Structures are given as structure tokens and as C-alpha cells.
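A structural walkthrough
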Amino acid sequence: MSRTKKIVIFFGLSLFILLTVFITALMVGRYSISIKDFVGSISTNDSIYDTQRSVIINLRLPRTIIAGLTGIALSVSGLLYQETFQNKLVSPGLLGVSNGASVGAAIAILLGATNSLISFSAFVAGIITVILTVIIGRLFNKSSSISLILAGIVIGGFMSSIMSIIKYTADPDTTLSSITYWLMGSFADSTLEKAFVISIIVFICIAIVLSISWRINIVALGYEEAQTKGINYRFYRYLIISIATLLTAASVACAGAISWIGLIIPHIVRLISGRNTSRSIPLCITFGGVFMIVADILSRTFTGGEIPLSAITGAFGSIIFVILLVIKKREVFSHD
Amino acid sequence: MKKKINTILIILFAFLIVSCANSGNNSSNYSSTIIVTDMIGEKLEIKKNPSKVACVSRTTYDLLIAFGLGDKIDGAYKSIYNNVWVETIYPKSVNEYQYNYEEGYETFISRNVDLVFAPEKYIADGLKDHGIKALNVSLYGNPTFDEYVYFFADLVTQIWDYDYVKTKANVWKNRVKEAIDTVIADTKKEVKEKSLFYVRGDKNKGIGYTDQAKAFTEYAYRIMGFDFVGARLDTNTPSSEEIVAENPDIFVIGGIYQNVLINTLETTEPYTKLNAVKNHEIYTIPVGLTMFEQLSAMTPIFFYDQANKLFPNSCSYDVKSMTKSTIKEYFGTELSDQQIEYMFEGKDSKGKYLA
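If you're wondering where the values come from, they're calculated on a predicted model, not measured in any experiment. (Residues numbered from 1 in each chain as written. Chains lettered and ligands numbered in written order. Predicted model: local features only at pLDDT ≥ 70, side-chain atom pairs only at ≥ 80, totals over all residues. Heavy atoms only, no water.)

1. Quick look at the overall build of chain B
The following threshold applies: For helices the rule is a DSSP run of H or I covering at least 4 residues; for strands it is a run of E covering at least 2, with both sets numbered from the N terminus onward. A 1.4 Å probe rolled over the protein chains alone gives each residue an accessible area, and that area as a share of the maximum for its type sets the label: buried under 20%, exposed over 50%, partly exposed in between. It only takes one pair of heavy atoms within 4.5 Å for two residues to be counted as in contact. Note that accessible areas follow from Shrake-Rupley with a 1.4 Å probe, and for residues the cover is restricted to the protein chains shown. When charges are counted, neither His nor the chain ends are considered; positive counts come from Lys and Arg and negative counts from Asp and Glu. Charge placement uses NZ in Lys and CZ in Arg. For Asp and Glu, CG and CD serve respectively.
What chain B contains, in helices and strands, is 15 helices and 11 strands. Principal axes of the C-alpha set define a box for chain B whose edges measure 105 × 40 × 40 Å. Looking at chain B as a whole, 53% of its 355 residues are labelled buried. The contacts in chain B between residues at least 6 apart in sequence include a share of 63% that link residues at least 24 apart. Carbon and sulfur atoms make up 51% of the accessible area of chain B, which totals about 16,000 Å². Taken as two groups, the 39 positive and 46 negative side-chain charges of chain B have centres that lie 8 Å from each other.

What follows is the structure in C-alpha cells.
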């Protein structure tokens, strides 16, 4: 079977799974809704389904949309970072965007802001942090990827220490617990308004990424190779980094810091599609969406409270990563 | 020579007498300590009648003042002072030190604190490991609060051997017992078994923040005949869906965020679909020096107030005048009728919402 045909089959299958998981997510949860009630709730205006309809529309629909979009955003941004920095162990938090967004959210929580303002503050702080990282990286070396990664580590560490100070000053009875819970990631505060905003950001970013996917492949080959192909390497590198940052910041703003997904989904996808981003991006979209919606279902269905998302993505992510390393052991450990 | 030996013997004898006398003094010092047992059953030898205590456990602050021991309090957990009613009801509080939840050990030592009431075992253990006397007095019992309602009052009378403390503590205990007996007797004809969801509004954590089986609230509402929803939940932070699935008959909301939370219940779907919201069965709990639903000087009034709200056909206790006289008696402050009204509306002493 040709690789293209294989990818088309995988994409079709994963798209079908994504739709199935999406509908399942609307049907399952702590509030039990039978299939008959589910169908009645969404297909009629009958008042006997008022509560079920309200649970589906006001609680499950916004969080499932946001979960899917967050999964897509983090997976694609992970892939973009990994390709741009030619490093397969890179995750979306590389340039400090997650740490910065977390600081923004924590400050907003400390000031008693509303949920929307917390998300906005996280988004803006995430972007500002990456701009800082880029400026500091350019002070070291304008074209080196390593200098940018080093700047990301420095700024990320700096943001972590600011976070520690914020946590120290936060009231343990009120704001500290909110900050801690936010940092562990959750879709509990999802609304349709938030879903609308993140969907615009994700759709625009994905459209741009798909339209320049062949240029991403060239940027992934490095500066010299890109120059020989007539590509403006710096422009496209910063464009890709900007898009990946926007996607990550939007995700963190909506759901808090969620680990692992941006690292493992690109790895799984590359096993199927290889390094060609025009093939791997569509698979990242479906795989990432499925992974995050399933994580959200698990987080809210089996206990009366909500299990933090990072606990679920961390547990599954680390297991999947070990499996991936075993599958790719020849490639990974070939130098030993 | 014989004279010298006699002199030495006399000196030795005198030394022996002095030694015995000192030994007697030592035993007298020993008797000024007492061995007490804290809420988790750990025994500790402490100085009797300590003159400087730190109330890091917030359930201890209000009752110590009520039992006449306000002058022994060096300070309390800082979040207690965030409640604006504290300064109004007990003006001396402004001179007290505000402790962090996990205060540095050197702070207690430098402030010469004799005893710390710690809210959790690990905090008490840490203090004891560093030579600071600490007793664990938690907001929660184990497995329920039934055996702990009078625990702190009894502990205080063991530690402070003063008649006025014993008298005040006994009066408080009798009032709590009387309130419980009266409410149970007056409401026995009413249909009970309604499910009640208590929302902890002391933190801004939304509707999904409650108490479980170990809390005083569970004890209080259970003995009033309610099915306390939090007792059967596997977490004190249930999700919105969990609350909708429980569909409680009654919501009771306490804490400084109570008015915000009522608004959330009445305006946010799917809460608006719940029985309690549709039937307007949402009630509040006043906030005074502490929240009334926390074991405190106001505990008897908590029972009367909740009975008035939850059993309006059977109960109409004059809780506002009770509150006024209790605050005057325990804290020495005369509140106006308007201020008492504000207190029952979840507002501060000037009529502004607490949050």
C-alpha cells in the first residue's frame, strides 16, 4: 500500500473516531442521559428534556469543543516546534509560553478577575513571554536555534520563579487553591463564548499552516538548505514560531497548562506519515482532538469531582511515550 | 578535729536539706504542666494556663475569646482577619499578630508563644519537632463530627484552670445542647429527609465546593433531619454535572461569597433547572466574627437560624436579638439593629456585600 493511500485511510478512520468521540462526549458524564433522552433533547423542544438539554448545551458542548480544539492546537504547535527546531523532544512550552501564560492567569486570579479575563490575561502573558524569549535569543545569536532554546529555558525558569512568588503571596484559603487548580488544567470553566474565540484562532492558524506546509518542510531542513531552495528562512521560521505560540497560548488560556500531548501526538503521527508536514498536520488535527476529548471524558466521568487534566495526560502520555521509544528503539538508541 | 568533723556534717546536712527543698520546688514546677490529648488522639505535655497562644486553627479563635481568654491570644491565622466583621465585633483583634497557615518556626519562638493550635497534623508535628508545643484542633472530626462538638470547650477547660473559663465554657455547652434539643423537638412533626446541598462560600470556588461527612455542617444538618448530599460524595469539589445529577431539594450557602453564589444559582444553566432553584429553596447562613456554620460562640444561634429558615411553619426564634446579646456577652461589643440586619444579609457592618 502506498504511503499516501495509507495516510488517507488513517485520516478517514481518525476523523470518524473524532466525530464518534465528540458525540460520545456529549452523551456521557456524571449526569446520566440515555440514548433516547439524548436524541429527544437535541431533536425536540419538549420541556421534559429541559435539564438534559441544558446539561448537554451548557456543560458538555462548550467543553467538548474546547477540548477538541485544544488537543488540535497543542498537537499541531508541538509538531511545528519540533520541525522548526529540528528536535523531536521539544514540546509547545519550549519558549516559555506555558509558564508565561500561567503567570498571567495567576496574576489575574490574584486580582479577582473573571474567568474570561483570566483567559485573556493568560493569552497576552504567553505571547509577551515568547516575544521576550525571542529578543533575548537574538542577543545571543540572531540565527541560531540553540540560542532561542536557551533563551526559552531562561525565561521559562524566570517565569517559574515569579509563579512561586505569586503562590507564596496568594491567600491559601482563596486564591492559592484556584491558582493550583488552574495550573493542573481543566475544561470545567468552558463556555460557548470561549469556544467561539479559540475556534477562530485555531481555524486561522491551521489554515495558514496547511497553506505553507511545504515551506515548513524546507525550514525543517535548516538555514542553509532553505537558502538553496530560495526560501526566506528567517521570515518563515518566525512565522511558524508565531503560529505555534498563538496556538499554545490560546490553549493554555482556555484550559490551563496541559502536559505531554504536544510531545507525543507528533511522534505517533510521524510513525504513520513520516516527516512530511502536509501529511502529518491533518493527522495531528484528528489524533490530537481525539486524545484530548477522551482525556476530558475520563477527567469528568469517573469521580464526583474532576480529575485534573494534566494527571490524565501525564499518565497516558508517559506510557505512550515509553511504547513509542520501544517501537523506535533502533532509531533512538542506534548510537549506543 | 571532732569539732571540724561536726562542722562538716552540719554543712552536709544543711546542703541535704536545701537540696530536698529544691527538689520540692522542681516537683512543684512539674505540677504546673498538664498532659492533654488533641483531636487526633496525640498526647502532649504543656504548660498549664499558657499566657500566649497562636490560633492558626481558625476554629479556636472565636471560642477562646468567648471563654474569656482573648488576652491570651498572641495572634491567629491571617485569613480570619480578612473578614471585616472581626474588627467590628472584636476591636482588640487589630493588635494581634497575623500568622500564615504554615508560619516559620522561628516566628513562634521569637514571639515566645507557649502553645499553638494547629489546624492539621503535619503542621502540629512540624512545630513539635522544632520544640514548639502544638495541639491539632481541626475543623473536621473522624469519621464524623459527632464526638467533637464539645471537644475544644473541654480541652480549653483542661488547659486553663480558671473558674471563669470553666463557667463560660459550660454555659456555651449547655446552650448548644439546648439549641439542638429545642430545634429537634420543635421540628419533629415536619416532613424531613429532604436532600440538602451545602455550598462553602468562604472561598471563591463556585457552587461545587462543599463539606463532607467529617464536617460540623454534616453533623448539624443530619441531626436536623436532612439528607446531607456532601456526605455521600467522593470529593468536596463536585462537578456541575454531579450537582445536577443529585438535584438537591435545598441549597444552603454560607461564607463571604454567599450573595455571588445565589446569583450564580439563579441565573446560570443548568442550575436553574434544579428543584431547589425552581422552588426557591435557597437559604443563607450569616457571617459574624466567623461563619455561623463553623463551630463557634454562635453555634446555638446557627441551629435556631437554620431551623427558622428550613422549618418556617414550626420555628420562629428571635435569632437577631439572640445574636445581639450573644455578641455583647462574649465580645463586649454592642451592635446596632441595622448591623445585625446586615449580618443576616451577608453584608459587612456598613451594608456592603462581603464579596
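2. Comments concerning the side chain of Ser54 of chain A
With respect to the helices, strands and loops of the structure, Ser54 of chain A is situated in helix H3 (residues 50-84). Not counting residues within four places of it along the chain, the set of residues in contact with Ser54 of chain A comprises Leu59 of chain A together with Glu269, Pro270 and Lys273 of chain B.

3. Description of the pattern of salt bridges
For the record, the criterion: Here, a salt bridge means any side-chain nitrogen of Lys or Arg that lies within 4 Å of a carboxyl oxygen of Asp or Glu.
Counted by the stated rule, this structure contains 33 salt bridges over all chains. Across the pair Lys47 of chain B and Asp114 of chain B runs a salt bridge, and its minimum N-O distance is 3.7 Å. Within this pair, whereas Lys47 of chain B is found in strand S2 (residues 43-47), its partner Asp114 of chain B is found in the loop between helix H5 (105-110) and strand S6 (115-118), the two being separated by 67 residues in sequence. Between Lys273 of chain B and Glu269 of chain B there is a salt bridge, with the nearest N and O atoms lying 3.9 Å from each other. What you see here is one network of salt bridges that share partners, running through Arg60, Arg63, Asp296, Arg300 and Glu306 of chain A together with Glu241 of chain B.

4. Here's the deal with the domain arrangement of chain B
Many analyses report the size of an interface as the accessible area lost when the parts associate. All names here are of chain B. Operational definition: Boundaries between domains were set according to an automatic or database domain assignment. Buried surface area refers to the total accessible area, computed with a probe of radius 1.4 Å, that the two partners give up upon joining, counted for both partners together. Here the nonpolar group is Ala, Val, Leu, Ile, Met, Phe, Trp, Tyr, Cys and Pro; Asp, Glu, Lys and Arg are the charged ones; every other residue, Gly included, is treated as polar.
Considered domain by domain, chain B is made up of domain 1 (30-167) and domain 2 (179-344). Counting residues at the interface gives 25 residues for domain 1 and 27 residues for domain 2. Summed over both partners, the interface of domain 1 with domain 2 buries about 2,300 Å², with 62% contributed by carbon and sulfur atoms. Among the residues of domain 1 in contact with domain 2, Asp62, Trp85 and Ile89 are the three that bury the most area, contributing 28% of the side total. Going through the elements one at a time, helix H2 (58-66) and helix H4 (84-89) are the ones with two or more residues in the side of domain 1 that touches domain 2. Sort the elements by how many residues they give to the side of domain 1 that touches domain 2 and H2 lands first, with seven residues. When its residues are assigned to classes, the side of domain 1 that touches domain 2 shows 16 nonpolar, six polar and three charged.

5. Some remarks on the nonpolar core
Residues and elements named next belong to chain B. Rules: What we call a nonpolar core is a set of buried Ala, Val, Leu, Ile, Met, Phe, Trp, Tyr and Cys residues that are connected through their side-chain atoms within 4.5 Å.
Among the nonpolar cores identified, the biggest contains 83 residues, and Tyr61, Leu64, Phe117, Tyr221 and Phe303 are the most heavily contacted of them. It is helix H8 (residues 163-187) that provides the largest number of residues to this core, a total of seven residues. Ignoring anything within four residues of it in the chain, the contact list for Tyr61 reads Cys55, Ile73, Ala76, Ile80, Tyr81, Val86, Tyr90, Ser93, Glu96 and Leu289.

6. Things to note about a nonpolar patch on the surface
All names here are of chain A. The criterion, for reference: Residues form patches when they are more than 30% accessible in relative terms and have no salt bridge. Like charges link within 9 Å. Nonpolar side chains (Val, Leu, Ile, Met, Phe, Trp, Tyr) link within 5 Å.
Taken together, the side chains of Ile131, Ile135, Leu139, Phe140, Ile146, Leu150 and Ile153 make up a nonpolar region of the molecular surface, amounting to roughly 740 Å² of accessible area. Secondary-structure elements contributing two or more residues to the nonpolar patch are helix H5 (115-140) and helix H6 (145-169). The biggest single contributor to the nonpolar patch is H5, with four residues. Residue classification places Ile131 among the partly exposed positions, given a relative accessible area of 46%.

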